[in-house]
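# Observations on chain architecture
Listed here are the chains, written in short residue letters.
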Amino acid sequence: MLLTEFIRESEKNQMIAAILKDHKVRVRVVYKSIKDYAYYVFGKGILEISNKKGVIRNEKDFIITVLHETWHAVQATKMGWKKLRDAYEMEISKWQLENPKDMAGWMRDKRKAISFENEAEKYAQKNWKQWYNKFKKQNLI
Ligand SMILES: [Zn+2]
């Protein structure tokens, strides 16, 4: 399994640690075989990252994913995780009220439905390249 992985777990851990440290957030990282890229567990401060084959396909995907989830940790730190959770759920409810025939539809395009998702993804898209270059120089990728 490890032989076919595009980045080894030790390199992944070093990159994640560098990004988290730079954002001054405390997060515990767990690798899980999930079909979503990653998941930030509100309140527990746990970042689950998929190690399922074919989900995160390359270095760019990986860095964007880590930055996106790190930004959720930053949001949680800024607002307090309970406030963030409530505000997040409020936006889901609002979306569902406006789309009563498609209650789960917000999950298809989270960026459209939820401002916190839009913000995290924008942040990741804007900043992945500088981290990519940095990690390349350090021979992590
Ligand atoms: Zn997100």
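An account of the accompanying structure is given in this report. (Residues numbered from 1 in each chain as written. Predicted model: local features only at pLDDT ≥ 70, side-chain atom pairs only at ≥ 80, totals over all residues. Heavy atoms only, no water.)

## Quick look at the packing of aromatic side chains
Within the structure shown, the criterion is met by six aromatic pairs. With centroids separated by 4.1 Å and ring planes inclined at 20 degrees, the aromatic side chains of tryptophan 71 and tyrosine 123 adopt a geometry described as stacked. Of this pair, tryptophan 71 sits in helix α2 (residues 59–79) while tyrosine 123 sits in helix α5 (residues 115–137), placing them 52 residues apart in sequence. Each member of the pair, tryptophan 71 as well as tyrosine 123, is classed as buried. Linked through ring pairs, Tyr40, Phe42, Tyr88 and Phe116 together constitute an aromatic cluster. (Phe/Tyr/Trp six-rings, centres within 6.5 Å; stacked < 30°, edge-to-face > 60°. Helix = DSSP H or I, 4+ residues; strand = E, 2+ residues; numbered from the N terminus. Buried < 20%, exposed > 50% of the residue type's maximum accessible area, 1.4 Å probe, protein only.)

## Remarks on the coordination of the zinc ion
Taken together, the protein donors to the zinc ion comprise His68 (NE2), His72 (NE2) and Glu117 (OE), at separations of 1.9 to 2.1 Å. Mapped onto the polypeptide sequence, the residues donating to the zinc ion form the spacing pattern H-x3-H-x44-E. Here histidine 72 and histidine 68 lie together in helix α2, a separation of four residues that amounts to about one turn. Exposure class is identical for histidine 68 and histidine 72. Each is buried. (Donors = N, O, S within 2.8 Å, 3.2 Å for Na, K, Ca; no water.)

## Quick word on the packing of helix α1 (residues 9–23) against α2
In the contact formed by α1 and α2, the axes pass within 10 Å of each other and the chain directions differ by 35 degrees. The two elements α1 and α2 cross, and the hand of that crossing is right-handed. On α2, the residues that touch Lys12, Met15, Ile16, Ile19, Leu20 and His23 of α1 are Phe62, Val66, Leu67, Thr70, Trp71 and Val74. Among the residues making up the contact of α1 with α2, the classes are represented as nine nonpolar, two polar and one charged. (Axes fitted to C-alpha atoms, helices over the stretch in contact; angles between N-to-C directions. Left-handed = near helix turned anticlockwise from the far one by under 90°. Contact = heavy atoms within 4.5 Å. Nonpolar A, V, L, I, M, F, W, Y, C, P; charged D, E, K, R; others polar.)

## A short note on the side chain of glutamate 121
Mapped onto the elements, glutamate 121 comes out in helix α5. Buried and without a salt bridge, glutamate 121 has arginine 111 as its closest oppositely charged side chain, separated by 4.9 Å. There is a polar contact of 2.7 Å between the side chain of glutamate 121 and the side chain of histidine 68. In terms of polar contacts, glutamate 121 uses its side chain to reach the side chain of glutamine 125, at 2.7 Å. Setting aside chain neighbours within four positions, we find glutamate 121 in contact with Ile64, His68 and Arg111. (Lys, Arg positive; Asp, Glu negative; His and termini not counted. Salt bridge = Lys/Arg side-chain N within 4 Å of Asp/Glu carboxyl O. Polar contact = N/O pair within 3.5 Å; in protein donor to acceptor, adjacent residues only side chain to side chain.)

## Digging into the nonpolar core
By size, the foremost hydrophobic cluster in this structure holds 40 residues, and its most contacted members are Ile49, Phe62, Ile63, Leu67 and Phe135. Of all elements in the fold, only α1, β2 (38–41), β3 (46–50), α2, α3 (81–98) and α5 reach the threshold of two or more residues within this core. The element contributing the most residues to this core is α2, with nine residues. (Core = buried A, V, L, I, M, F, W, Y, C linked by side-chain atoms within 4.5 Å.)

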